[in-house]
Amino acid sequence: VQLRFVAEDIPPGALVEAAVDDFTLAAVLTPVTDVSVDEIRRRNGIVSCSPNPFNPRIAIVFRTGQAAKGELKVYDVSGRSVRTLIDGPLEAGEGRIVFDGRDDAGKPLASGIYFVRLDTPKVMEVRQITLLK
């Protein structure tokens, strides 16, 4: 999936500000049978990222309907993975992890917009977070 957002103004106007807020992307990755897509999303996915904006830490709460392998990563706006928070087995239920605003090498990240992505066999979800220094 590729999304493109374009901000433009009709002359002689002046484009003062353009932004995309509260962007969430979620996908159900398994065939749905007797369970609705909404029910799968209630049982699996990112529950919250708070506080947002954050400095220097943000708590990420997520939920999995059953034990499974999963990944929780942070990406910059260019789509480059900057931090792997989880890569392995996840227990069923709710989990919580604190992201400290550092990359995989331990360096502090610059202020800006980042994306948290949760991948499990049931769902993939992306949330936008903002680091302010």
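Just above sits the structure.
Residues numbered from 1 in each chain as written. Predicted model: local features only at pLDDT ≥ 70, side-chain atom pairs only at ≥ 80, totals over all residues. Heavy atoms only, no water.

Asks: I tried to follow the overall build of the protein chain on my own but got confused; where do I start?
Replies: Counting its secondary structure elements, the protein chain contains one helix and eight strands. Counting from the amino terminus, helix and strand elements in the protein chain follow one another as β-α-β-β-β-β-β-β-β. Within the protein chain, the proportion of its 133 residues that are buried is 32%. Of the accessible surface of the protein chain, which amounts to about 8,500 Å², a share of 50% is contributed by carbon and sulfur atoms. (Helix = DSSP H or I, 4+ residues; strand = E, 2+ residues; numbered from the N terminus. Buried < 20%, exposed > 50% of the residue type's maximum accessible area, 1.4 Å probe, protein only. Areas by Shrake-Rupley, 256 points an atom, 1.4 Å probe, with all protein chains shown as cover.)

Asks: Is there a simple way to think about the environment of I60 in this case?
Replies: Tracing the chain through its elements places I60 in strand β3 (residues 58–64). Note on I60: relative accessible area 0%, which makes it buried. Sequence separation of I60 and V116 is 56 residues, and the distance between their C-alpha atoms is 8.6 Å.

Asks: When you look at empty space enclosed by the protein in this model, what are you seeing that I'm missing?
Replies: Space left empty within the atom packing is revealed by a probe, the size of a water molecule, rolled over the atoms. Counting across every chain of the model gives one cavity of 30 Å³ or more. Reported here for the largest cavity is a volume of approximately 60 Å³. As for the largest cavity, its lining consists of N44, T64, G65, Q66, A68, K69, L90, T120, P121 and K122. Split by residue class, the lining of the largest cavity holds three nonpolar, five polar and two charged. (1 Å grid on protein atoms, 1.4 Å probe; cavity = no way out; pocket = protein on both sides within 12 Å on 5 of 7 lines; lining within 4 Å. Points joined across faces, edges and corners; volume = space filled by probe spheres on them. Nonpolar A, V, L, I, M, F, W, Y, C, P; charged D, E, K, R; others polar.)

Asks: Looking at this structure, how should I read the pairing of strand β4 (residues 68–76)?
Replies: Side chains on a regular strand alternate between the two faces of the sheet. Looking at chain direction, β4 and strand β5 (residues 81–90) are connected through eight bridges and run antiparallel. The residue of β5 that forms the bridge with K69 is P89. (Pairing = 2+ DSSP bridges.)

Asks: What am I meant to see in the pattern of salt bridges here?
Replies: Oppositely charged side chains can pair when the atoms bearing their charge come close. Scanning all chains against the criterion turns up six salt bridges. A salt bridge links K69 to D87; the shortest N-O distance between them is 2.8 Å. Of this pair, K69 sits in strand β4 while D87 sits in strand β5; the two residues are 18 residues apart in sequence, bridging distant segments of the chain. We classify K69 as exposed; its relative accessible area is 53%. Linking E125 and R127 is a salt bridge whose minimum nitrogen-to-oxygen distance equals 3.3 Å. Judged by relative accessible area, which is 5%, E125 ranks as buried. (Salt bridge = Lys/Arg side-chain N within 4 Å of Asp/Glu carboxyl O.)

Asks: Explain unusual backbone geometry to me, please; I cannot follow it from the model alone.
Replies: Residues other than glycine predominantly adopt negative phi, and peptide bonds predominantly adopt the trans conformation. The omega angle of the peptide bond from S50 to P51 is -5°, so this bond is cis rather than trans. Relative to the helices and strands, P51 is located in the loop between β2 (45–50) and β3. Between N55 and the following residue, P56, the backbone shows a cis peptide bond with an omega angle of -5°. For P56, the position within the fold is in the loop between β2 and β3.

Asks: Sorry if this is basic, but what is going on with the side chain of K73 here?
Replies: Locating K73 in the fold gives a position in strand β4. Among buried Asp, Glu, Lys and Arg side chains, K73 stands out as unpaired, with E71 the closest opposite charge at 4.2 Å. Aside from chain neighbours lying at most four places away, what touches K73 is S81, R83, T84, L85, F115, V116 and R117. (Lys, Arg positive; Asp, Glu negative; His and termini not counted. Contact = heavy atoms within 4.5 Å.)

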